[in-house]
Every structure is written in C-alpha cells, then in structure tokens.
Amino acid sequence: MSSNHFSLHSFFPMENKIQNYAWGSTSSIHDLFGFENKSLQPQAEVWMGTHPKGCSMVTFDQHLMPLSELININKSAYLSSEIAQEFGDLPFLFKILAADKALSIQVHPSKNQAEKGFEKEEKAKIPLTADHRNYKDTNHKPELVYALTDYQAMNGFRKYDEIMGFFVALNILELADLVNDFSHALTPQGLKTFFSGLLTLSEQRKHNALEQLLTYAQAHQDQIAFALIIDLNHQYPYDVGLFSPLLLNVITLQSGEAMYLSANTPHAYIKGTGLEIMANSDNVLRAGLTPKHIDVNELVECTNFIPIAFENLILSPQKEGLCDNYPIPVGDFNFGIIHSPKETAIEVLGAEILMAIDSDLELCNQAGDVMTLPKGHSVFVPAYIESYLLSSNGRVARAFN
C-alpha cells in the first residue's frame, strides 16, 4: 500500500447499525444525539466495529464498504502489526446502549472457558443459531460501561452476610434448607450451592417462594433492592431472576461514572443510557430475567462466587491532561474520555474509534487535512496515521488499543 494512500485516507466516518431490541428506549438516543426514530421503535444499541451481526460501514475511494473489509485490505496497517498478529481483527466492539427495560442477568466466560465450550458444542454439532447453544465464538467478553445518564445496573455478588441477611428476613419456607446450608458455609462453595439451588427449584416451589418474595417486597419498597424487585416483576413476572437484587450489588452510576464488568461476574443492566466497550464476542450465559435458555450447569461452572465490595465497583480514571483513561486489566481494548480538547495531539498506537458525545469534533492529520464529525457519530482512525489533532467543545469518547 502506497504512502499516498495513507495521506488520502486518514479518517473513516462510520455508518453504524442500530439494534432494535425490545428492551431499548424509543427516545434516549434521539434525545441525546438527534438520531431519527420516526417509527418509534426501541433503539437499544448502536454498534461501532466489525462484529458480523452489525458491522459498521465506511467510505473508501467513494465506495461504501464494511469496516471489516477495509481492515482486511492490510491488517497490519489498519490495526498495527501487533494487534493484527494477536487478534486478527478489530478486537473490540464499541456501543451506545439505551435500556428502558432490564436486560437478562448474564455471565460471560473466560477466554479459556470460551475456547473449550465452543469446541465442545462444535463437536456435538449444535448449530450456532440453536436456542440452547451457549458459545457463539471462542472469545471472552469483558466490558466497561460509561454512563451518559443515570444508569442502574447489578454487578457482582454482595457480601455473604448481606445476602444471608436478606434471606433470613424473608423467612421463605421453600428456601429454608438452602438458607440453613448457606448459613453454615458463607464461602464461595456455599454461595455456589445456594445459587444453584435457587435456579433449580421445582416450578411449584419456585412459584411459592416468589409469591412470598413479592409480598415481602411490597411491604419494604423503601429499600432499593425490594423496590427494584417490584419493578422487575412488571417486566418479567415470576422469573427466578427476581431474587437477583438480593444476591447482586445494585448500583446507579451517575452521568460520567464508569464501571468494569469482568468475565465470570454476574451482572445486568437495568435502565439508562451509556457507552459500552467490550471484547469482540457474543458469548452469554443467562441467569434470569429472560425467557431464553438457562444452562444452569454451564452457568455455575463459569461464575465466580467471590463477592465484590460495593465501594470497588466504580472505576476511577487515570487523568492525563484533558484525558480520563480507565485502567482495564485486559489487552482487547482501552477506553478514555477527552474533555473539550483544543487541537490536542493524540498519539496512535493501534486502531481507534472516536465518538463525539456532547458536540461536533474536528480531526486534523499531519498533512493538515481536516474532518468534522457531528455529535453522536463516530470515526475509525487507522493505526498508520500515527498521530492527529483533536478539537471539540465537549467530551469525546476514545476506544483504542
């Protein structure tokens, strides 16, 4: 590829797929970014990346083409030779996510678990599209979410004594043996047994237990967990996932706060709009708040039953000038927010996606070519440009390697 090509193609504005999942908001993405929604469909996610379920489109030599095809022209140039060698593709998927209803409680497998699980299901000849298929690929799926509005979620198990306190107060007959066993083993194994027992209750026992849970919750709506249970029951009536606010940390991120969700950690997004960046994977093991398949055995094997302290959930950024960079313990992606840059020089080590959050952004390459991008839109920046100048009157999100 000639150096002339590089000077001609510094920035690639993206056309991104909007996913109209039922839990999405009909108004939030429009209100924040002005995206049209004349049919008032739920706009759940805007995907920025190369995932085959929603690959972004870019213009190359006046032709619209998938971003994946552009990268395939010369992976080392577009991604960097290191990223091309390690991942072979853009290793992250970047999203706007707008939840009006709760998503299912999920656990994502580790890389090793995904590789083994995918191979096992391939050998069993389970179709990729089968409802009971657990592994769609061989990758892990760590995630970071950055709140654009108040953003309620559940993330990680509560402390053992907190969980025990809730279930002792409930005093549900159908759960008495499970609670008693857990009270004598406030350990990862004890929680694993308790969690598995909840998910495998017979239909009659589950119904009776949920009846008692909802009666108690009605009388204790001054507590966040029980108010949430009532709300979730309107969305997923008599779903075993209604117990989850008593098991998991319930948190509301304020606009501008971020949270990391590691592999093997149960979590659910409940309501709000944010930016989400994740490893490029579609592996999900569900644990409730869903009509979809729940494979309890596989879920339990892929879940870490060690509590996460509530005060450790919010991720503090490392500040470098105008940039807030969030420390992430995986190599698949980095994430940062740049505050009102004025011709701020950014060094490029790998492929990047920039998104204008609050107002238009302006990019300038080393040759002096300038590109302006409207708020809510994104641009793919290839590794080969090495550096650029960035300007905006508001925040700019940066997904990069």
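Cut-off values and rules
- Residue indices follow the written sequence of each chain, beginning from 1 at its first position.
- It should be noted that, the model being predicted, local features are given only for residues of pLDDT at least 70 and side-chain atom pairs only at 80 or more, the latter also being counted only at that level, while totals for whole chains, interfaces and linings use all residues.
- Note that the side-chain values use all heavy atoms of the structure and ignore hydrogens as well as water.
- Secondary structure follows DSSP: runs of H or I at least 4 residues long count as helices, runs of E at least 2 residues long count as strands, and numbering of each begins at the N terminus.
- If DSSP finds at least two bridges between two strands, the strands pair.
- The axes used here are C-alpha line fits, helices contributing only the stretch in contact, and every angle between their N-to-C directions lies in the interval 0 to 180 degrees.
- Nonpolar core, defined: a set of buried Ala, Val, Leu, Ile, Met, Phe, Trp, Tyr and Cys residues in which side-chain atoms within 4.5 Å join the residues together.
- Partly exposed residues are those whose accessible area sits between 20% and 50% of the maximum for their type, while under 20% is buried and over 50% is exposed, using a 1.4 Å probe and protein chains only.
- Contact between two residues is taken to exist if any of their heavy atoms lie within 4.5 Å; hydrogens are not considered.
- If an angle is under 35 degrees, it is roughly parallel; if it is over 145, roughly antiparallel; if it lies from 65 to 115, roughly perpendicular; otherwise it is oblique.
- We call a crossing left-handed when the near helix sits turned anticlockwise from the far one by less than a right angle, and right-handed when that turn is clockwise.
- Polar here means any residue other than Ala, Val, Leu, Ile, Met, Phe, Trp, Tyr, Cys and Pro, which are nonpolar, and Asp, Glu, Lys and Arg, which are charged; Gly is therefore polar.
- Picture the helix axis, draw a direction to every C-beta atom, and the arc is the one those directions span.
- A pocket here means an open set of points on a 1 Å grid, computed over the protein atoms alone, that has protein on both sides within 12 Å along at least five of seven lines. A cavity is instead a set of points where a 1.4 Å probe fits but cannot get out; residues with an atom within 4 Å of a point line either one.
- Grid points are joined across faces, edges and corners, and a volume is the space filled by probe spheres set on the points.

**Description of unusual backbone geometry**
Here comes step 1: A positive phi angle, near 50°, is found at Asp 61, a position not held by glycine.
Here comes step 2: Along the chain, the position of Asp 61 falls in the loop between β4 (57-60) and β5 (63-66).
Here comes step 3: The phi dihedral of Glu 343 falls on the positive side, at around 50°, and the residue is not glycine.
Here comes step 4: Positionally, Glu 343 belongs in the loop between β16 (334-339) and β17 (344-347).

**Section: the sheet that holds β4**
Here comes step 1: Spatial ordering of the open sheet is given by β5-β4-β1-β21-β18-β23-β16-β15-β14, a layout of nine strands whose pairing is antiparallel. Two strands bound the open sheet, and with one partner strand each, they are β5 and β14 (318-320). Ignoring which end each strand starts from, the neighbouring axes of this sheet average 30° apart.
Here comes step 2: Pairing analysis gives two bridges linking strand β1 (residues 12-15) to strand β21 (residues 378-381), with the strands arranged antiparallel.

**Thoughts on the nonpolar core**
Here comes step 1: Counting residues in each nonpolar core, the largest one holds 63 residues, and the members touching the most others are Phe 94, Leu 144, Tyr 146, Leu 275, Phe 335, Phe 380 and Tyr 388.
Here comes step 2: Aside from chain neighbours lying at most four places away, what touches Tyr 388 is Phe 11, Thr 344, Ala 345, Ile 346, Val 348, Glu 352, Leu 354, Leu 363, Cys 364, Val 381 and Arg 398.
Here comes step 3: Counting 54 residues, the second largest nonpolar core, distinct from the first, contains Tyr 236, Val 240, Ala 268 and Leu 299.

**Structural notes on the packing of helix α10 (residues 203-219) against helix α11 (residues 224-235)**
Here comes step 1: At a minimum axis distance of 8 Å, the contact between α10 and α11 shows a crossing angle of 125°. Considered as vectors, α10 and α11 are oriented oblique to each other. For the element pair α10 and α11, the recorded crossing hand is left-handed. Facing α10, whose interface residues are Leu 213, Leu 214, Tyr 216, Ala 217 and Gln 218, α11 presents Phe 226, Ile 229, Ile 230 and Asn 233.
Here comes step 2: Of the residues that constitute the contact of α10 with α11, the class distribution is seven nonpolar, two polar and no charged.

**Section: the sheet that holds β17**
Here comes step 1: Sheet architecture is open: four strands sit in the order β17-β22-β19-β20, paired in antiparallel fashion. Each edge of the open sheet carries a strand with a single partner, namely β17 and β20 (370-373). For this sheet, the mean angle separating the axes of adjacent strands, direction not counted, is 30°.

**Quick notes on the packing of helix α7 (residues 160-170) against helix α8 (residues 176-183)**
Here comes step 1: Two numbers describe how α7 lies on α8: the axes approach to 11 Å, and their chain directions differ by 150°. As judged from the angle between their axes, α7 and α8 are roughly antiparallel. Here the hand of the crossing between α7 and α8 comes out left-handed. Side by side, α7 and α8 meet where Tyr 160, Ile 163, Met 164, Phe 167 and Val 168 of the first sit next to Val 179, Phe 182 and Ser 183 of the second.
Here comes step 2: Of the residues in the contact of α7 with α8, the class split is seven nonpolar, one polar and no charged.

**Some details on α8**
Here comes step 1: Residues Leu 178, Val 179 and Phe 182 constitute the buried set of α8. End-on view of α8: buried residues confined to an arc of 95°, all on one side of the axis.
Here comes step 2: Residues of α8 that are buried in the fold lie against α7 and α9 (188-199).

**Some points on empty space enclosed by the protein**
Here comes step 1: Per the counting criterion, the structure on display carries one cavity of 30 Å³ or more.
Here comes step 2: Considered as a void within the structure, the largest cavity measures approximately 90 Å³ in volume.
Here comes step 3: Contributing elements (two or more residues each) for the lining of the largest cavity: α9 and α12 (244-247).
Here comes step 4: Broken down by element, the lining of the largest cavity gets its largest block of residues, three residues, from α9.
Here comes step 5: Its residues placed into classes, the lining of the largest cavity shows ten nonpolar, two polar and no charged.

**Focus on the pairing of β4**
Here comes step 1: The alternating pattern of β4 places Val 58 and Phe 60 on a buried face, while none of Met 57 and Thr 59, on the opposite face, is buried.
Here comes step 2: In terms of strand pairing, β1 meets β4 through two bridges, oriented antiparallel. When the bridges of β4 are listed, Glu 15 appears paired with Met 57.
Here comes step 3: Of the pairings in the sheet, the one linking β4 to β5 comprises four bridges and is antiparallel in character. Residue pairing for β5: Val 58 is matched across the bridge by Met 65.
Here comes step 4: Taking the residues between adjacent antiparallel strands as the criterion, β4 and β5 are bridged by two residues, where Asp 61 takes a positive phi near 50°.

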